[in-house]
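Architecture at a glance
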Amino acid sequence: MTAPEPWSRQDDVLAGPGGAVTDEVGVITGPLTLRTGAGADGEVRFAIQYQEADEWYTLTGSPVAAGDPAALHVAALAAIRAGHGAEAPRPGA
């Protein structure tokens with residue numbers, strides 16, 4: 001995710017056992033930062049990085065169809081905290 005989204009939120013999160021899955025490098029673990037953005041197209045995108053790193057990765061399953069971006073951000077944080085190969089949450093799931 002390179003350009004700012006019309007709605008975005010970013011939070012630090014400690015990944016649980018099994019971490020989170022990215023499209024680019026597979027599973028990442030440890031202290032991470034999650035950025036969720038909702039574009040004008042209605043899609044919600046999730047990017048994740050190691051805290052303080054320069055590289056951002058796509059959380060597997062991103063983007064998702066239109067949904068409440070704030071609720072999806074909270075759901076993604078919960079999934080990453082739980083670990084087990086967390087992926088992007090689906091609206092209504």
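Our subject in this report is the structure included herewith. If you're wondering where the values come from, they're calculated on a predicted model, not measured in any experiment.

1. Regarding the pattern of salt bridges
- Applying the stated rule across the entire model yields three salt bridges.
- The partner of Arg45 in a salt bridge is Asp41, and the shortest N-O contact between them spans 2.7 Å.
- Put simply, Arg45 and Glu43 hold a salt bridge, and the shortest N to O gap is 3.2 Å.
- Residue Glu43 is classed as partly exposed on the basis of its relative accessible area, which comes to 29%.

2. Quick notes on helix H1 (residues 69-82)
- With 14 residues, H1 should reach 20 Å at 1.5 Å per residue; the first-to-last C-alpha distance of 20 Å fits that figure.
- Taken together, the buried positions of H1 are Pro69, Leu72, His73, Ala76, Leu77 and Ile80. The buried residues of H1 all sit within an arc of 140° when viewed along its axis, so they share a single face.
- Packing partners of the buried residues in H1 comprise strand S1 (7-14), strand S2 (20-22), strand S4 (31-38) and strand S5 (44-50).
- Two to three positions downstream of the cap, the backbone nitrogen of Ala70 sits 3.1 Å from a side-chain oxygen, assigning the N-cap of H1 to Asp68.

3. Observations regarding the environment of Ala76
- For Ala76, the location among the structural elements is in helix H1.
- In this structure the C-alpha to C-alpha distance between Ala76 and Val13, which are 63 residues apart in sequence, comes to 10.0 Å.

4. Brief notes about the sheet that holds strand S6 (residues 57-58)
- The sheet built from four strands is open, its strands ordered S1-S4-S5-S6 with antiparallel pairing. Sheet topology places S1 and S6 at the edges, where each strand pairs with a single neighbour.
- Bridge analysis of S1 against S4 gives eight bridges, and the strand direction is antiparallel. Across the sheet, the residue bridging to Asp11 is Leu34, located in S4.
- Across the sheet, H1 is in contact with S1, S4 and S5; its angle to S1 comes to roughly 15°.

Conventions used here
Counting from 1, residues in each chain are numbered in the order their sequence is written. Given that the model is predicted, a residue must reach a pLDDT of at least 70 before its local features are reported, and side-chain atom pairs must reach 80 or more before they are shown or counted; all residues, however, enter totals for whole chains, interfaces and linings. Values shown for side chains rest on all heavy atoms present in the structure; no hydrogens or waters enter the calculation. For salt bridges, the criterion is a side-chain nitrogen of Lys or Arg within 4 Å of an Asp or Glu carboxyl oxygen. Burial status follows relative accessibility: with a 1.4 Å probe on protein chains alone, a residue under 20% of its type maximum counts as buried, one over 50% as exposed, and anything between as partly exposed. Strands are runs of DSSP state E lasting at least two residues, helices are runs of H or I lasting at least four, and both sets are numbered from the N terminus onward. Given the number of residues in a helix, its expected span is that number minus one, multiplied by 1.5 Å. Within this analysis, the arc is defined by the directions that extend from the helix axis to the C-beta atoms. A contact between two residues is defined here by any heavy atoms of the two lying within 4.5 Å. What qualifies as a polar contact is a pair of N or O atoms within 3.5 Å, subject to a donor-acceptor requirement within protein and to the restriction that residues adjacent in sequence count only when both atoms come from side chains. A pair of strands is treated as paired once DSSP finds two or more bridges between them. For helices, the fitted axis covers only the stretch in contact; all axes are lines through C-alpha atoms, and the angles between them, taken along N-to-C directions, range from 0 to 180 degrees.

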